[in-house]
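This is what each chain is made of:
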Amino acid sequence: MEDEVKLDEGVWNAWMTLVWGLFILFVYMGAQTLVVVLAAYLEVERTGDSNMMRQITLVAESGYYISLVILLAGSVGLLSIAGCVISRRGLPLGEYLALRNIGFKAWLFSMAAFLATWAGLGLAGKWLGETGVNDFMVKTYQSAEPMWLLVLAVGICAPFFEEAFFRGFIFAGLVRSKIGVWGTIFGTSFVWALIHSQYEALDVGIVFVLGVL
């Protein structure tokens, strides 16, 4: 019991977690907006086309610029999370965000559940007539140069920020409240799915299910 009390004392309570969470998202989205506007301004200077809104649209559809936005905003977001955790002066950063080795068996079970769920939902999508091709991702992939930058951004930086934020910072603060474990799991998964608005409805549903897992 004493250990549990100490553990709780090292984490922001639910309300402060939500307040700091909104702050982190504000910083994260602000960084994204700043990078997009700056990139659009540079394109205006480079091309001579003074239509700023057109340049912003082109930047938002460019795999190269999308990669830069994710990398820079994700880095700022991770620093914001670290700052909020450190300012609490409680648990160490790694322990607060639950960055620990889960063991090979647990990892193997998680991967098996992930693959089985992915395959099952994919078959369900085909049965419902979904093509499984997302136009946004296709355009992003086709306009990505260099490709390794997109892989680094989408495959490493974005997932790391999302996990640190939802499954780390937010989870740690809400799971100790009246919401409990299951409420926190489903709540964070629901919000996590909603922020992937660039996908089709079925894909958003898949993101939610994978978030619960």
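Please refer to the structure placed before this passage.
Residues numbered from 1 in each chain as written. Predicted model: local features only at pLDDT ≥ 70, side-chain atom pairs only at ≥ 80, totals over all residues. Heavy atoms only, no water.

(A) How the structure looks around the nonpolar core. One finds Ile24, Ile81, Tyr96, Phe165 and Phe169 to be the most contacted residues of the largest nonpolar core, which totals 24 residues. When contributions to this core are tallied by element, the ones reaching two or more residues are α2 (14-47), α4 (63-88), α8 (147-174) and α9 (180-194). (Core = buried A, V, L, I, M, F, W, Y, C linked by side-chain atoms within 4.5 Å. Buried < 20%, exposed > 50% of the residue type's maximum accessible area, 1.4 Å probe, protein only. Helix = DSSP H or I, 4+ residues; strand = E, 2+ residues; numbered from the N terminus.)

(B) The packing of α2 against helix α3 (residues 52-60), seen in detail. With their axes 8 Å apart at the nearest point, α2 and α3 run at an angle of 115 degrees to one another. In terms of axis orientation, α2 runs roughly perpendicular to α3. In the packing of α2 onto α3, the handedness of the crossing is right-handed. Residue-level inspection shows Val36, Val37, Ala39, Ala40, Tyr41, Glu43, Val44 and Thr47 of α2 in contact with α3, the latter providing Met52, Gln55, Ile56 and Val59. (Axes fitted to C-alpha atoms, helices over the stretch in contact; angles between N-to-C directions. Parallel < 35°, antiparallel > 145°, perpendicular 65-115°, else oblique. Left-handed = near helix turned anticlockwise from the far one by under 90°. Contact = heavy atoms within 4.5 Å.)

(C) Examining the layout of surface pockets more closely. The volume enclosed by the second largest pocket comes to roughly 240 Å³. If you go around the second largest pocket, you meet 14 residues; those closest to its centre are Leu18, Ile170, Leu174, Thr188 and Val191. With 5 residues, the single largest contributor to the lining of the second largest pocket is α9. Classifying every residue of the lining of the second largest pocket by side-chain character gives 9 nonpolar, 5 polar and no charged. (1 Å grid on protein atoms, 1.4 Å probe; cavity = no way out; pocket = protein on both sides within 12 Å on 5 of 7 lines; lining within 4 Å. Points joined across faces, edges and corners; volume = space filled by probe spheres on them. Nonpolar A, V, L, I, M, F, W, Y, C, P; charged D, E, K, R; others polar.)

(D) Expanded view of the environment of asparagine 13. Along the chain, the position of asparagine 13 falls in the loop between α1 (2-9) and α2. Considering only alpha carbons, one finds asparagine 13 and arginine 176, 163 residues apart in sequence, at a separation of 7.8 Å. Of the polar contacts made by the side chain of asparagine 13, one reaches the backbone nitrogen of tryptophan 15; its length is 3.2 Å. (Polar contact = N/O pair within 3.5 Å; in protein donor to acceptor, adjacent residues only side chain to side chain.)

(E) How the structure looks around the packing of aromatic side chains. Within this structure, the stated rule accounts for 8 aromatic pairs. When the centroid spacing of 6.2 Å and the interplanar angle of 35 degrees are considered together, the rings of tryptophan 182 and phenylalanine 186 count as tilted. With tryptophan 182 and phenylalanine 186 both in helix α9, this residue pair falls 4 residues apart, about one helical turn. The exposure class of phenylalanine 186 is partly exposed, given its relative accessible area of 39%. Across from the ring centre of tryptophan 12, 5.5 Å away, lies the NZ or CZ of arginine 88, which sits over that ring. (Phe/Tyr/Trp six-rings, centres within 6.5 Å; stacked < 30°, edge-to-face > 60°. Lys NZ or Arg CZ within 6 Å of the ring centre and 35° of its normal.)

(F) Broad picture of the side chain of glutamate 43. Structurally, glutamate 43 is set in helix α2. A distance of 2.7 Å separates polar atoms of two side chains, one belonging to glutamate 43 and the other to tyrosine 65. Non-local contacts of glutamate 43, meaning those with residues more than four positions away in its chain, are made with Gly48, Gln55, Val59 and Tyr65.

Distances and angles like these do not, on their own, reveal function.
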